[in-house]
Amino acid sequence: KFFFFSSRRRHTRCSGVSWARRCVQETGINAEYMGIMTQNTGSGSQRSAKDRFLDTIQPFVIGGLSGMTATAVIQPIDTVKVRIQLISEEMGASGKKQSLNPITIAKHIISSEGPTALYLSLIHI
C-alpha cells in the first residue's frame, strides 16, 4: 500500500479529491507543505547531528537545483521570444515578411550562431 507521510500523521491513499480534503482537514494546509514522503522520526534530540544538518540543508540544495533547472529550461524560450519581438519590429518598419514561427526562429539561431546563443542573454556583457 502507498502511504502519504506528512509531518504529523500518516494517511492511506484513497481517491484524489477526497484524500486531499481529508489530509487538509486532519493536519491543516501548512502541514502538507512540511514534506511529502518524509516521516516524522521523533523529536530533534533523538536524531543525530548529521540527520538534523541534512534536514536543514536539504531545502536550500533542492531550491538551488530547481532554480538552475528552471533557468536552463526557460532561458532559450525567452531568447526566442525576444528575437520574435525584434523581428516583428523590423518587419513593421521595413514592410518585409518573415516567418515568426518559434521553432523556425530557434533553428535559425542555432544554425547561424550556435546553441550557446540561446543562453547569451544570461551573460550581460
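What you see is a predicted model, and the numbers here were worked out from it, not measured in a lab.

Here is what the cut-offs are and how they apply
Note on numbering: residues in each chain are counted from 1, in written sequence order. At least 70 in pLDDT is required for a residue's local features to be given in this predicted model, at least 80 for side-chain atom pairs to be given and counted, and no such filter applies to totals for whole chains, interfaces and linings, which use all residues. Only hydrogens and water are set aside when side-chain values are computed; all heavy atoms of the structure are taken into account. Geometry is summarised by axes, namely lines fitted to C-alpha atoms with helices restricted to the contacting stretch, and by angles between N-to-C directions that run from 0 to 180 degrees. By the criteria applied, helices consist of DSSP H or I runs no shorter than four residues and strands consist of E runs no shorter than two, each listed in order from the N terminus. Roughly parallel refers to an angle under 35 degrees, roughly antiparallel to one over 145, roughly perpendicular to one between 65 and 115, and oblique to any angle outside these ranges. Contacts are assigned to residue pairs that have any heavy atoms within 4.5 Å of one another. In plain words, nonpolar cores are sets of buried Ala, Val, Leu, Ile, Met, Phe, Trp, Tyr and Cys residues tied together by side-chain atoms within 4.5 Å. Whether a residue is buried, partly exposed or exposed follows from its accessible area with a 1.4 Å probe, protein chains only, as a fraction of its type maximum: under 20%, in between, or over 50%, in that order. Within 3.5 Å is the distance limit for a polar contact, defined as a pair of N or O atoms, with the added protein rule that one can donate a hydrogen and the other accept it, and that residues adjacent in sequence qualify only through two side-chain atoms. We define a salt bridge as a side-chain nitrogen of Lys or Arg found within 4 Å of a carboxyl oxygen belonging to Asp or Glu.

## Description of the packing of helix α3 (residues 49-94) against helix α4 (residues 102-113)
Link 1 in the chain: Where α3 meets α4, the closest approach of the two axes is 10 Å, and the angle between their N-to-C directions is 100 degrees. By the angle class used here, α3 and α4 are roughly perpendicular. Judged by residue contacts, Val80, Arg83, Ile84 and Ile87 of α3 engage Pro102, Ile105, Ala106, Ile109 and Glu113 from α4.

## Overview of the nonpolar core
Link 1 in the chain: Val80, Ile84, Ile87, Met91, Ile105, Ala106, Ile109, Ala117 and Leu118 together form the largest nonpolar core, which totals nine residues.
Link 2 in the chain: Elements with a contribution of two residues or more to this core: α3 and α4.
Link 3 in the chain: Broken down by element, this core gets its largest block of residues, four residues, from α3.
Link 4 in the chain: Not counting the four nearest positions on each side in its chain, Ala117 is found in contact with Thr79 and Ile109.

## Examining the environment of Thr79
Link 1 in the chain: Along the polypeptide, Thr79 turns up in helix α3.
Link 2 in the chain: Using a relative accessible area of 9% as the deciding quantity, one classes Thr79 as buried.
Link 3 in the chain: Note: C-alpha distance between Thr79 and Leu118 (39 residues apart in sequence) is 5.8 Å.
Link 4 in the chain: Dropping the residues within four chain positions of it, Thr79 is found in contact with Ala117, Leu118 and Ser121.

## Re the side chain of Gln75
Link 1 in the chain: Within the fold, Gln75 resides in helix α3.
Link 2 in the chain: A polar contact is formed between the side chain of Gln75 and the side chain of Ser121, at a distance of 2.3 Å.
Link 3 in the chain: Residues contacting Gln75, with those up to four places away along its chain left out, are Leu118, Tyr119, Ser121 and Leu122.

## Overview of the pattern of salt bridges
Oppositely charged side chains are able to pair whenever their charged atoms sit close together.
Link 1 in the chain: Applying the stated criterion to the full structure yields two salt bridges.
Link 2 in the chain: A salt bridge links Lys81 to Asp78; its shortest N-O distance comes to 3.2 Å. With Lys81 and Asp78 both in helix α3 and three residues apart, this pair spans about one turn of that helix.
Link 3 in the chain: Overall, Lys81 belongs to the partly exposed group, its relative accessible area being 40%.
Link 4 in the chain: Where Glu113 meets Arg83, a salt bridge forms, and the shortest distance between an N and an O atom there is 2.9 Å.

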